Amino acid sequence: MKAYRFKGLLQKDGWLMPAFVRLDEQGNILEISEKKNKSFTYSNVNGFALPGMQNAHSHAFQYAMVGLTEQHDSKNNDDFWAWRKAMYQLALSIEPDQMEAIATMLYAEMLRHGYTEVAEFHYVHHQPSGTPYLNKAELGERLVAAAKKVGIKITLIPIFYQKGGFGQKANDGQRRFLSSNIKEYQQLLQSSKTAIEQYKSAKIAVGVHSLRAVEPVVVKELIEQLDDSLPFHIHVSEQLKEVEASLAYLGKRPVEWMLDNLDLNDHFHLVHATHLTKSEATRLAQSKANVVLCPSTEGNLGDGLFSLKTFQKAGGNWSIGTDSHIGLNPFEELRILDYGQRLISHQRNTFTSETQGNSGLFALNNLIFSGRKAMGVATSDFFEKGNAFDALVMDGKVPILNVCTKENLTSTIVYASDVSMHLGTIVNGEWVIKKGQINRSIKQNFIAALKTLKNR
Ligand SMILES: [Zn+2]
(Lines give C-alpha, C1' and ligand atoms only; values in the text may rest on other atoms or scores of the structure.)
Protein backbone atom coordinates (compact mmCIF):
# COMPACT_ATOMS: atom_id res chain seq x y z
CA MET A 1 0.00 0.00 0.00
CA LYS A 2 1.18 3.54 -0.82
CA ALA A 3 0.39 6.80 0.92
CA TYR A 4 1.35 10.33 -0.19
CA ARG A 5 1.15 13.71 1.46
CA PHE A 6 0.89 16.58 -1.07
CA LYS A 7 1.00 20.32 -0.38
CA GLY A 8 -2.29 20.43 -2.27
CA LEU A 9 -4.60 18.31 -4.38
CA LEU A 10 -7.07 19.78 -6.87
CA GLN A 11 -10.69 18.60 -6.96
CA LYS A 12 -13.36 19.95 -9.32
CA ASP A 13 -14.36 22.69 -6.84
CA GLY A 14 -10.89 23.64 -5.62
CA TRP A 15 -7.87 22.63 -3.55
CA LEU A 16 -7.48 20.39 -0.54
CA MET A 17 -4.44 21.71 1.36
CA PRO A 18 -2.62 19.71 2.48
CA ALA A 19 -3.87 16.42 1.05
CA PHE A 20 -3.29 12.91 2.34
CA VAL A 21 -3.91 10.13 -0.18
CA ARG A 22 -3.83 6.39 0.44
CA LEU A 23 -3.75 3.90 -2.44
CA ASP A 24 -4.12 0.14 -2.81
CA GLU A 25 -1.55 -2.08 -4.54
CA GLN A 26 -3.01 -1.31 -8.00
CA GLY A 27 -2.76 2.43 -7.44
CA ASN A 28 -6.48 2.94 -6.82
CA ILE A 29 -7.57 5.54 -4.28
CA LEU A 30 -8.62 4.24 -0.85
CA GLU A 31 -8.84 7.56 0.97
CA ILE A 32 -8.38 11.30 0.32
CA SER A 33 -8.34 13.66 3.25
CA GLU A 34 -7.01 16.99 4.47
CA LYS A 35 -6.18 15.23 7.72
CA LYS A 36 -3.58 12.56 8.32
CA ASN A 37 -4.75 9.07 9.22
CA LYS A 38 -2.41 8.34 12.12
CA SER A 39 -2.26 4.59 11.45
CA PHE A 40 -0.27 5.16 8.22
CA THR A 41 3.06 6.61 7.15
CA TYR A 42 2.90 9.02 4.22
CA SER A 43 5.71 9.83 1.81
CA ASN A 44 5.97 13.59 1.61
CA VAL A 45 5.71 15.19 -1.86
CA ASN A 46 6.58 18.89 -1.98
CA GLY A 47 4.13 19.57 -4.78
CA PHE A 48 0.58 20.31 -5.88
CA ALA A 49 -1.28 17.40 -7.48
CA LEU A 50 -3.57 18.12 -10.41
CA PRO A 51 -5.54 15.33 -12.08
CA GLY A 52 -3.61 13.71 -14.98
CA MET A 53 -4.58 15.43 -18.24
CA GLN A 54 -6.45 13.81 -21.15
CA ASN A 55 -5.16 14.22 -24.68
CA ALA A 56 -8.37 13.52 -26.58
CA HIS A 57 -6.98 13.63 -30.13
CA SER A 58 -3.64 12.30 -31.39
CA HIS A 59 -2.16 11.08 -34.67
CA ALA A 60 1.14 9.80 -33.25
CA PHE A 61 3.03 9.48 -36.55
CA GLN A 62 2.58 13.20 -37.31
CA TYR A 63 5.05 13.98 -34.50
CA ALA A 64 7.79 13.04 -37.00
CA MET A 65 6.88 16.05 -39.17
CA VAL A 66 6.46 18.84 -36.61
CA GLY A 67 8.17 22.01 -37.81
CA LEU A 68 8.77 20.61 -41.31
CA THR A 69 6.07 22.48 -43.18
CA GLU A 70 7.13 26.00 -42.34
CA GLN A 71 9.06 26.85 -45.52
CA HIS A 72 6.62 29.17 -47.23
CA ASP A 73 6.55 30.60 -50.68
CA SER A 74 5.21 34.16 -50.86
CA LYS A 75 3.71 33.52 -54.32
CA ASN A 76 1.69 30.41 -53.55
CA ASN A 77 -1.01 29.68 -51.02
CA ASP A 78 0.14 27.44 -48.23
CA ASP A 79 -2.93 26.09 -46.52
CA PHE A 80 -4.27 22.98 -44.83
CA TRP A 81 -4.43 21.10 -48.14
CA ALA A 82 -0.73 21.75 -48.90
CA TRP A 83 0.15 20.55 -45.39
CA ARG A 84 -1.97 17.44 -45.97
CA LYS A 85 0.12 16.53 -49.00
CA ALA A 86 3.28 16.51 -46.86
CA MET A 87 1.47 14.48 -44.20
CA TYR A 88 0.44 11.85 -46.81
CA GLN A 89 4.06 11.51 -47.92
CA LEU A 90 5.06 10.72 -44.37
CA ALA A 91 2.11 8.36 -43.86
CA LEU A 92 3.14 6.42 -46.96
CA SER A 93 6.69 5.84 -45.79
CA ILE A 94 6.41 4.81 -42.13
CA GLU A 95 7.26 1.20 -41.21
CA PRO A 96 5.96 -0.52 -38.04
CA ASP A 97 9.25 -0.20 -36.09
CA GLN A 98 9.43 3.50 -36.93
CA MET A 99 5.80 3.98 -35.89
CA GLU A 100 6.51 2.38 -32.54
CA ALA A 101 9.71 4.38 -31.93
CA ILE A 102 8.01 7.68 -32.82
CA ALA A 103 4.94 6.95 -30.68
CA THR A 104 7.12 5.88 -27.72
CA MET A 105 9.04 9.17 -27.80
CA LEU A 106 5.85 11.17 -28.26
CA TYR A 107 3.99 9.42 -25.43
CA ALA A 108 6.97 9.95 -23.10
CA GLU A 109 6.83 13.66 -23.99
CA MET A 110 3.09 13.70 -23.31
CA LEU A 111 3.70 12.27 -19.82
CA ARG A 112 6.42 14.87 -19.24
CA HIS A 113 3.86 17.57 -20.08
CA GLY A 114 1.23 16.10 -17.75
CA TYR A 115 -0.97 14.00 -20.02
CA THR A 116 -1.75 10.62 -18.47
CA GLU A 117 -4.22 9.42 -21.15
CA VAL A 118 -4.24 9.67 -24.91
CA ALA A 119 -6.98 8.93 -27.47
CA GLU A 120 -5.17 7.75 -30.58
CA PHE A 121 -7.24 8.53 -33.69
CA HIS A 122 -5.50 5.89 -35.77
CA TYR A 123 -6.00 5.67 -39.52
CA VAL A 124 -2.68 4.43 -41.02
CA HIS A 125 -3.57 0.75 -41.05
CA HIS A 126 -1.97 -1.03 -44.04
CA GLN A 127 1.45 -1.75 -45.51
CA PRO A 128 2.99 1.02 -47.63
CA SER A 129 1.70 -0.81 -50.73
CA GLY A 130 -1.87 -0.58 -49.41
CA THR A 131 -2.13 -4.33 -48.71
CA PRO A 132 -3.33 -5.08 -45.17
CA TYR A 133 -0.78 -6.51 -42.73
CA LEU A 134 -1.30 -10.14 -41.73
CA ASN A 135 -2.46 -8.75 -38.41
CA LYS A 136 -4.94 -6.10 -39.57
CA ALA A 137 -4.21 -4.07 -36.44
CA GLU A 138 -0.39 -4.36 -36.72
CA LEU A 139 0.17 -0.60 -36.45
CA GLY A 140 -2.50 -0.14 -33.78
CA GLU A 141 -0.74 -2.86 -31.80
CA ARG A 142 2.55 -0.92 -32.13
CA LEU A 143 0.87 2.19 -30.72
CA VAL A 144 -0.42 0.22 -27.74
CA ALA A 145 3.07 -1.27 -27.23
CA ALA A 146 4.51 2.27 -27.25
CA ALA A 147 1.99 3.42 -24.63
CA LYS A 148 2.74 0.39 -22.47
CA LYS A 149 6.50 1.01 -22.66
CA VAL A 150 6.19 4.49 -21.13
CA GLY A 151 3.11 3.92 -18.95
CA ILE A 152 0.60 6.31 -20.50
CA LYS A 153 -3.02 5.11 -20.72
CA ILE A 154 -4.28 4.77 -24.27
CA THR A 155 -7.67 4.59 -25.95
CA LEU A 156 -7.08 3.16 -29.41
CA ILE A 157 -9.58 4.40 -31.98
CA PRO A 158 -9.27 2.39 -35.20
CA ILE A 159 -10.61 4.75 -37.84
CA PHE A 160 -12.89 3.95 -40.75
CA TYR A 161 -11.62 5.70 -43.92
CA GLN A 162 -13.24 4.89 -47.22
CA LYS A 163 -13.14 7.77 -49.69
CA GLY A 164 -11.16 10.70 -51.06
CA GLY A 165 -13.79 13.38 -50.49
CA PHE A 166 -17.56 13.90 -50.80
CA GLY A 167 -18.64 11.67 -53.70
CA GLN A 168 -15.02 10.95 -54.65
CA LYS A 169 -13.02 7.75 -54.81
CA ALA A 170 -9.98 7.48 -52.54
CA ASN A 171 -6.72 8.58 -54.13
CA ASP A 172 -3.49 6.59 -54.18
CA GLY A 173 -1.97 8.68 -51.35
CA GLN A 174 -4.71 7.34 -49.04
CA ARG A 175 -4.07 3.64 -49.79
CA ARG A 176 -2.81 2.77 -46.30
CA PHE A 177 -5.96 4.13 -44.61
CA LEU A 178 -8.80 2.35 -46.38
CA SER A 179 -11.57 -0.03 -45.39
CA SER A 180 -13.90 -0.38 -48.36
CA ASN A 181 -17.04 -1.19 -46.36
CA ILE A 182 -18.48 -1.72 -42.89
CA LYS A 183 -17.54 -5.40 -42.89
CA GLU A 184 -13.86 -4.58 -43.45
CA TYR A 185 -14.01 -1.92 -40.75
CA GLN A 186 -15.58 -4.40 -38.32
CA GLN A 187 -12.68 -6.80 -39.01
CA LEU A 188 -10.20 -4.02 -38.27
CA LEU A 189 -12.09 -3.18 -35.08
CA GLN A 190 -12.03 -6.83 -34.02
CA SER A 191 -8.24 -7.07 -34.56
CA SER A 192 -7.82 -3.80 -32.66
CA LYS A 193 -9.76 -5.23 -29.71
CA THR A 194 -7.25 -8.10 -29.66
CA ALA A 195 -4.35 -5.61 -29.93
CA ILE A 196 -5.31 -3.80 -26.72
CA GLU A 197 -5.32 -7.01 -24.70
CA GLN A 198 -1.51 -6.78 -24.26
CA TYR A 199 -1.90 -3.73 -21.96
CA LYS A 200 -4.21 -3.36 -18.98
CA SER A 201 -4.33 0.44 -19.38
CA ALA A 202 -5.55 0.26 -23.00
CA LYS A 203 -9.15 0.73 -24.10
CA ILE A 204 -10.97 0.75 -27.41
CA ALA A 205 -13.19 3.37 -29.00
CA VAL A 206 -14.64 3.68 -32.51
CA GLY A 207 -14.52 6.34 -35.16
CA VAL A 208 -14.89 7.58 -38.68
CA HIS A 209 -12.31 9.91 -40.23
CA SER A 210 -14.88 12.48 -41.42
CA LEU A 211 -18.08 12.76 -43.43
CA ARG A 212 -15.89 13.46 -46.46
CA ALA A 213 -13.92 10.20 -45.95
CA VAL A 214 -16.88 7.85 -45.39
CA GLU A 215 -20.15 8.04 -47.31
CA PRO A 216 -22.60 9.72 -44.87
CA VAL A 217 -25.29 7.03 -45.26
CA VAL A 218 -22.63 4.44 -44.41
CA VAL A 219 -21.68 6.45 -41.30
CA LYS A 220 -25.33 6.29 -40.21
CA GLU A 221 -25.54 2.56 -40.89
CA LEU A 222 -22.28 1.90 -39.02
CA ILE A 223 -23.39 3.84 -35.95
CA GLU A 224 -26.58 1.79 -35.79
CA GLN A 225 -24.47 -1.39 -35.68
CA LEU A 226 -21.84 -0.28 -33.16
CA ASP A 227 -21.79 -0.83 -29.44
CA ASP A 228 -23.17 2.54 -28.32
CA SER A 229 -21.40 2.43 -24.97
CA LEU A 230 -18.07 3.15 -26.73
CA PRO A 231 -16.94 6.72 -27.46
CA PHE A 232 -17.37 7.64 -31.15
CA HIS A 233 -14.85 10.09 -32.64
CA ILE A 234 -15.02 11.97 -35.94
CA HIS A 235 -13.27 14.99 -37.55
CA VAL A 236 -15.79 17.56 -38.66
CA SER A 237 -16.01 21.06 -40.18
CA GLU A 238 -12.30 21.79 -39.84
CA GLN A 239 -11.99 23.60 -43.16
CA LEU A 240 -14.26 25.99 -45.07
CA LYS A 241 -13.63 24.05 -48.27
CA GLU A 242 -14.98 20.95 -46.53
CA VAL A 243 -18.15 22.83 -45.49
CA GLU A 244 -18.66 24.03 -49.08
CA ALA A 245 -18.15 20.50 -50.47
CA SER A 246 -20.65 19.16 -47.93
CA LEU A 247 -23.24 21.78 -48.92
CA ALA A 248 -22.77 20.84 -52.57
CA TYR A 249 -22.98 17.08 -51.96
CA LEU A 250 -25.45 16.76 -49.07
CA GLY A 251 -27.26 20.08 -49.26
CA LYS A 252 -26.27 20.57 -45.62
CA ARG A 253 -23.23 21.67 -43.65
CA PRO A 254 -21.41 18.69 -42.00
CA VAL A 255 -22.54 19.35 -38.41
CA GLU A 256 -26.03 20.28 -39.61
CA TRP A 257 -26.20 16.91 -41.43
CA MET A 258 -25.06 15.07 -38.31
CA LEU A 259 -27.62 16.87 -36.14
CA ASP A 260 -30.40 16.07 -38.59
CA ASN A 261 -29.46 12.46 -39.33
CA LEU A 262 -27.73 10.95 -36.31
CA ASP A 263 -28.89 10.52 -32.76
CA LEU A 264 -26.06 12.55 -31.23
CA ASN A 265 -25.43 12.15 -27.49
CA ASP A 266 -22.57 12.40 -25.01
CA HIS A 267 -20.76 9.37 -26.47
CA PHE A 268 -19.95 11.47 -29.56
CA HIS A 269 -16.69 13.43 -29.80
CA LEU A 270 -16.59 15.85 -32.73
CA VAL A 271 -13.02 16.88 -33.43
CA HIS A 272 -12.49 20.57 -34.40
CA ALA A 273 -16.08 21.57 -35.38
CA THR A 274 -14.39 24.85 -36.28
CA HIS A 275 -16.90 26.29 -38.71
CA LEU A 276 -20.37 26.36 -37.15
CA THR A 277 -23.36 28.59 -37.56
CA LYS A 278 -24.92 29.92 -34.36
CA SER A 279 -27.73 27.42 -34.72
CA GLU A 280 -25.32 24.50 -35.23
CA ALA A 281 -23.26 25.52 -32.15
CA THR A 282 -26.40 25.75 -30.00
CA ARG A 283 -27.99 22.54 -31.26
CA LEU A 284 -24.69 20.67 -30.91
CA ALA A 285 -24.38 21.76 -27.27
CA GLN A 286 -27.99 20.74 -26.61
CA SER A 287 -27.36 17.28 -28.13
CA LYS A 288 -24.74 16.74 -25.34
CA ALA A 289 -22.16 15.69 -27.94
CA ASN A 290 -18.63 16.76 -26.98
CA VAL A 291 -16.25 18.83 -29.07
CA VAL A 292 -12.52 18.06 -29.10
CA LEU A 293 -10.57 21.27 -29.68
CA CYS A 294 -6.94 21.18 -30.85
CA PRO A 295 -5.91 24.83 -30.54
CA SER A 296 -2.18 24.60 -31.34
CA THR A 297 -2.78 22.47 -34.44
CA GLU A 298 -5.83 24.47 -35.55
CA GLY A 299 -3.75 27.63 -35.21
CA ASN A 300 -0.78 26.12 -37.01
CA LEU A 301 -2.95 24.95 -39.90
CA GLY A 302 -4.92 28.18 -40.10
CA ASP A 303 -8.27 26.38 -39.58
CA GLY A 304 -10.20 29.16 -37.84
CA LEU A 305 -11.69 29.87 -34.41
CA PHE A 306 -14.35 27.69 -32.82
CA SER A 307 -17.64 29.35 -31.70
CA LEU A 308 -16.76 28.72 -28.08
CA LYS A 309 -18.96 31.36 -26.43
CA THR A 310 -22.16 30.28 -28.18
CA PHE A 311 -21.37 26.60 -27.56
CA GLN A 312 -20.60 27.13 -23.87
CA LYS A 313 -23.61 29.37 -23.35
CA ALA A 314 -25.82 26.50 -24.51
CA GLY A 315 -24.07 24.16 -22.05
CA GLY A 316 -21.62 22.54 -24.49
CA ASN A 317 -18.75 20.37 -23.26
CA TRP A 318 -15.27 20.33 -24.77
CA SER A 319 -11.93 18.63 -24.33
CA ILE A 320 -8.53 19.23 -25.91
CA GLY A 321 -6.17 17.23 -28.12
CA THR A 322 -2.70 17.80 -29.53
CA ASP A 323 -3.60 16.33 -32.94
CA SER A 324 -0.46 16.98 -35.07
CA HIS A 325 1.65 17.54 -31.90
CA ILE A 326 3.01 20.92 -32.91
CA GLY A 327 2.30 21.77 -29.25
CA LEU A 328 2.37 19.29 -26.37
CA ASN A 329 1.56 21.40 -23.33
CA PRO A 330 -2.06 21.08 -22.10
CA PHE A 331 -1.99 24.54 -20.50
CA GLU A 332 -0.74 26.07 -23.73
CA GLU A 333 -3.73 24.51 -25.53
CA LEU A 334 -6.05 26.17 -23.00
CA ARG A 335 -4.29 29.50 -23.34
CA ILE A 336 -4.39 29.51 -27.15
CA LEU A 337 -8.08 28.63 -26.98
CA ASP A 338 -8.84 31.36 -24.47
CA TYR A 339 -6.69 34.08 -26.07
CA GLY A 340 -8.19 33.49 -29.52
CA GLN A 341 -11.61 34.22 -27.99
CA ARG A 342 -10.36 37.23 -26.01
CA LEU A 343 -8.82 38.71 -29.15
CA ILE A 344 -12.06 38.57 -31.10
CA SER A 345 -14.48 39.43 -28.27
CA HIS A 346 -12.34 42.13 -26.58
CA GLN A 347 -13.36 40.53 -23.29
CA ARG A 348 -11.43 38.41 -20.83
CA ASN A 349 -14.13 36.13 -19.45
CA THR A 350 -14.00 33.23 -21.95
CA PHE A 351 -13.92 30.52 -19.31
CA THR A 352 -16.85 31.27 -17.03
CA SER A 353 -20.30 29.96 -16.21
CA GLU A 354 -22.98 30.89 -13.72
CA THR A 355 -21.46 28.52 -11.17
CA GLN A 356 -17.74 28.82 -11.93
CA GLY A 357 -15.99 32.17 -12.21
CA ASN A 358 -12.41 30.90 -11.93
CA SER A 359 -11.00 30.66 -15.49
CA GLY A 360 -8.32 28.07 -14.74
CA LEU A 361 -10.69 25.79 -12.84
CA PHE A 362 -13.46 26.17 -15.41
CA ALA A 363 -11.04 25.19 -18.19
CA LEU A 364 -9.70 22.17 -16.30
CA ASN A 365 -13.24 20.97 -15.55
CA ASN A 366 -13.92 20.81 -19.28
CA LEU A 367 -10.56 19.31 -20.17
CA ILE A 368 -10.83 16.57 -17.54
CA PHE A 369 -14.49 15.53 -17.62
CA SER A 370 -15.05 15.73 -21.37
CA GLY A 371 -11.53 14.35 -21.91
CA ARG A 372 -12.24 11.32 -19.74
CA LYS A 373 -15.48 10.70 -21.66
CA ALA A 374 -13.42 10.74 -24.86
CA MET A 375 -11.37 7.89 -23.36
CA GLY A 376 -14.49 5.98 -22.30
CA VAL A 377 -14.27 6.87 -18.59
CA ALA A 378 -17.06 8.49 -16.55
CA THR A 379 -16.23 10.20 -13.25
CA SER A 380 -17.79 12.81 -11.00
CA ASP A 381 -14.69 14.38 -9.42
CA PHE A 382 -11.03 14.80 -10.36
CA PHE A 383 -9.88 12.26 -7.76
CA GLU A 384 -12.36 9.67 -6.46
CA LYS A 385 -12.25 6.75 -4.09
CA GLY A 386 -11.96 3.51 -6.07
CA ASN A 387 -10.46 5.17 -9.17
CA ALA A 388 -6.83 5.08 -10.28
CA PHE A 389 -4.58 7.81 -8.90
CA ASP A 390 -3.24 9.65 -12.00
CA ALA A 391 -1.73 13.07 -11.41
CA LEU A 392 0.46 15.85 -12.72
CA VAL A 393 2.44 17.22 -9.79
CA MET A 394 3.63 20.84 -9.89
CA ASP A 395 6.79 21.67 -7.97
CA GLY A 396 5.98 23.29 -4.61
CA LYS A 397 9.39 24.96 -4.54
CA VAL A 398 8.67 27.17 -7.56
CA PRO A 399 8.40 30.65 -5.97
CA ILE A 400 5.34 31.88 -7.89
CA LEU A 401 3.41 28.69 -7.02
CA ASN A 402 4.70 28.57 -3.47
CA VAL A 403 3.22 31.99 -2.59
CA CYS A 404 -0.24 31.41 -4.14
CA THR A 405 -3.44 31.27 -2.14
CA LYS A 406 -5.93 28.46 -2.85
CA GLU A 407 -8.00 30.90 -4.94
CA ASN A 408 -5.15 31.87 -7.28
CA LEU A 409 -3.14 28.69 -7.64
CA THR A 410 -5.10 26.95 -10.43
CA SER A 411 -5.13 29.94 -12.76
CA THR A 412 -1.47 30.67 -12.02
CA ILE A 413 -0.68 27.12 -13.17
CA VAL A 414 -2.96 27.27 -16.22
CA TYR A 415 -1.90 30.73 -17.39
CA ALA A 416 1.66 31.19 -16.15
CA SER A 417 3.42 27.83 -15.79
CA ASP A 418 5.78 25.96 -18.06
CA VAL A 419 7.03 22.40 -18.05
CA SER A 420 10.09 23.30 -15.95
CA MET A 421 7.68 23.72 -13.01
CA HIS A 422 6.51 20.09 -13.22
CA LEU A 423 7.80 17.82 -10.49
CA GLY A 424 6.54 14.78 -12.36
CA THR A 425 3.65 12.62 -13.47
CA ILE A 426 2.01 9.74 -11.63
CA VAL A 427 -0.03 6.97 -13.31
CA ASN A 428 -1.78 4.27 -11.27
CA GLY A 429 -0.03 5.58 -8.16
CA GLU A 430 3.53 5.26 -9.62
CA TRP A 431 5.82 8.04 -10.82
CA VAL A 432 6.26 7.54 -14.58
CA ILE A 433 8.27 10.75 -15.08
CA LYS A 434 10.22 12.69 -12.45
CA LYS A 435 11.88 16.06 -13.11
CA GLY A 436 11.45 15.66 -16.87
CA GLN A 437 13.78 12.65 -17.18
CA ILE A 438 13.03 10.46 -20.21
CA ASN A 439 14.77 7.11 -20.58
CA ARG A 440 17.82 7.36 -22.86
CA SER A 441 16.98 4.31 -24.97
CA ILE A 442 13.61 5.88 -25.90
CA LYS A 443 15.41 8.94 -27.27
CA GLN A 444 18.05 6.87 -29.06
CA ASN A 445 15.44 4.66 -30.75
CA PHE A 446 13.51 7.73 -31.83
CA ILE A 447 16.58 9.41 -33.33
CA ALA A 448 17.52 6.17 -35.13
CA ALA A 449 13.97 5.83 -36.52
CA LEU A 450 13.92 9.40 -37.83
CA LYS A 451 17.34 8.96 -39.40
CA THR A 452 16.07 5.95 -41.38
CA LEU A 453 12.92 7.87 -42.29
CA LYS A 454 15.09 10.62 -43.79
CA ASN A 455 12.31 13.22 -43.73
CA ARG A 456 14.14 15.98 -41.85
ZN1 LIG B 1 -6.94 15.00 -36.45
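Residues numbered from 1 in each chain as written. Predicted model: local features only at pLDDT ≥ 70, side-chain atom pairs only at ≥ 80, totals over all residues. Heavy atoms only, no water.

## With respect to the overall build of the protein chain
Part 1 of the argument: Looking only at helices and strands, the protein chain features 15 helices and 17 strands.
Part 2 of the argument: The C-alpha radius of gyration of the protein chain comes to 22 Å, within 12% of the 23 Å expected for a compact globule of 456 residues.
Part 3 of the argument: Dimensions of the protein chain along its principal axes, counting C-alpha atoms only, are 65 × 50 × 50 Å.
Part 4 of the argument: Taking all 456 residues of the protein chain together, 59% fall into the buried category. (Helix = DSSP H or I, 4+ residues; strand = E, 2+ residues; numbered from the N terminus. Rg over C-alpha atoms; globule rule 2.2 N^0.38 Å. Buried < 20%, exposed > 50% of the residue type's maximum accessible area, 1.4 Å probe, protein only.)

## A look at the pattern of salt bridges
Part 1 of the argument: Using the criterion set out here, one finds 18 salt bridges in the structure.
Part 2 of the argument: Between E224 and K220 there is a salt bridge, with its nearest N and O atoms 3.9 Å apart. Pair noted here: E224 and K220 are both in helix α5 (residues 216–225), with a separation of four residues, about one helical turn.
Part 3 of the argument: Residue E224 is classed as exposed on the basis of its relative accessible area of 60%. (Salt bridge = Lys/Arg side-chain N within 4 Å of Asp/Glu carboxyl O.)

## Digging into the nonpolar core
Part 1 of the argument: Within the largest apolar cluster, 145 residues are counted, with the highest numbers of intra-cluster contacts made by L50, Y107, L284, W318, L364 and F389.
Part 2 of the argument: Among all residues touching L50, those that are not within four sequence positions of it are L10, W15, F331, L364, F383, D390, A391, L392, M394 and I413. (Core = buried A, V, L, I, M, F, W, Y, C linked by side-chain atoms within 4.5 Å. Contact = heavy atoms within 4.5 Å.)

## Some words on the pairing of strand β5 (residues 43–51)
Part 1 of the argument: Judged from the five bridges that link them, strand β1 (residues 2–11) and β5 form a sheet pairing that is parallel. The residue of β5 that forms the bridge with F6 is V45.
Part 2 of the argument: In this structure, β5 lies alongside strand β15 (residues 391–395), joined through five bridges in antiparallel fashion. Across the sheet, F48 pairs through a bridge with M394, a residue of β15. (Pairing = 2+ DSSP bridges.)

## Describing helix α4 (residues 182–195)
Part 1 of the argument: Between its first and last C-alpha, α4 extends 20 Å over 14 residues, near the 20 Å set by a 1.5 Å rise per residue.
Part 2 of the argument: Every buried residue of α4 is accounted for by I182, Y185, L188, L189, S191, S192 and A195.
Part 3 of the argument: The opening residue of α4 is N181, an N-cap whose side-chain oxygen sits 3.3 Å from the backbone nitrogen of K183. (Expected span 1.5 Å × (residues − 1). Polar contact = N/O pair within 3.5 Å; in protein donor to acceptor, adjacent residues only side chain to side chain.)

## Things to note about helix α1 (residues 80–93)
Every α-helix carries 3.6 residues per turn, so stepping three or four residues along brings you back to the same face.
Part 1 of the argument: Here α1 is 14 residues long and its end C-alpha atoms lie 20 Å apart, about the 20 Å a rise of 1.5 Å per residue gives.
Part 2 of the argument: For α1, the set of buried residues is F80, W81, W83, R84, M87, Y88, L90 and A91. For α1, the angular spread of buried residues about the axis comes to 165 degrees, placing them on one side. Set apart from the buried face of α1 by more than 90 degrees, the exposed residues are K85 and Q89.
Part 3 of the argument: Buried residues along α1 sit against α6 (240–250), α9 (295–301) and α15 (440–453).
Part 4 of the argument: Of the residues that open α1, the one with a side-chain oxygen 3.1 Å from the backbone nitrogen of W81 is D79. (Arc of directions from axis to C-beta.)

## A look at the coordination of the zinc ion
Part 1 of the argument: Protein-derived ligands of the zinc ion are H57 (NE2), H59 (NE2), H235 (NE2) and D323 (OD), with the metal-ligand distances lying across 2.1 to 2.7 Å.
Part 2 of the argument: Coordination at the zinc ion comes from four donor atoms whose angles at the metal span 81 to 175 degrees, giving a geometry best classed as irregular.
Part 3 of the argument: All donors of the zinc ion belong to a single chain; written as a sequence motif, their spacing is H-x1-H-x175-H-x87-D.
Part 4 of the argument: Take H57: its relative accessible area is 0%, and that puts it in the buried class.
Part 5 of the argument: When its relative accessible area of 4% is taken as the criterion, H59 is described as buried. (Donors = N, O, S within 2.8 Å, 3.2 Å for Na, K, Ca; no water. Tetrahedral: all angles 85-135°; square planar, octahedral: opposite > 155°, others 65-115°.)

## Description of a negative patch on the surface
Part 1 of the argument: On the surface, E70, D73, D78 and D79 cluster together into a patch of negative charge.
Part 2 of the argument: With respect to the secondary-structure elements, D79 resides in the loop between β6 (53–58) and α1. (Patch = residues over 30% accessible without salt bridge, like charges linked within 9 Å, V, L, I, M, F, W, Y side chains within 5 Å. Areas by Shrake-Rupley, 256 points an atom, 1.4 Å probe, with all protein chains shown as cover. Lys, Arg positive; Asp, Glu negative; His and termini not counted. Charge placed at Lys NZ, Arg CZ, Asp CG, Glu CD.)

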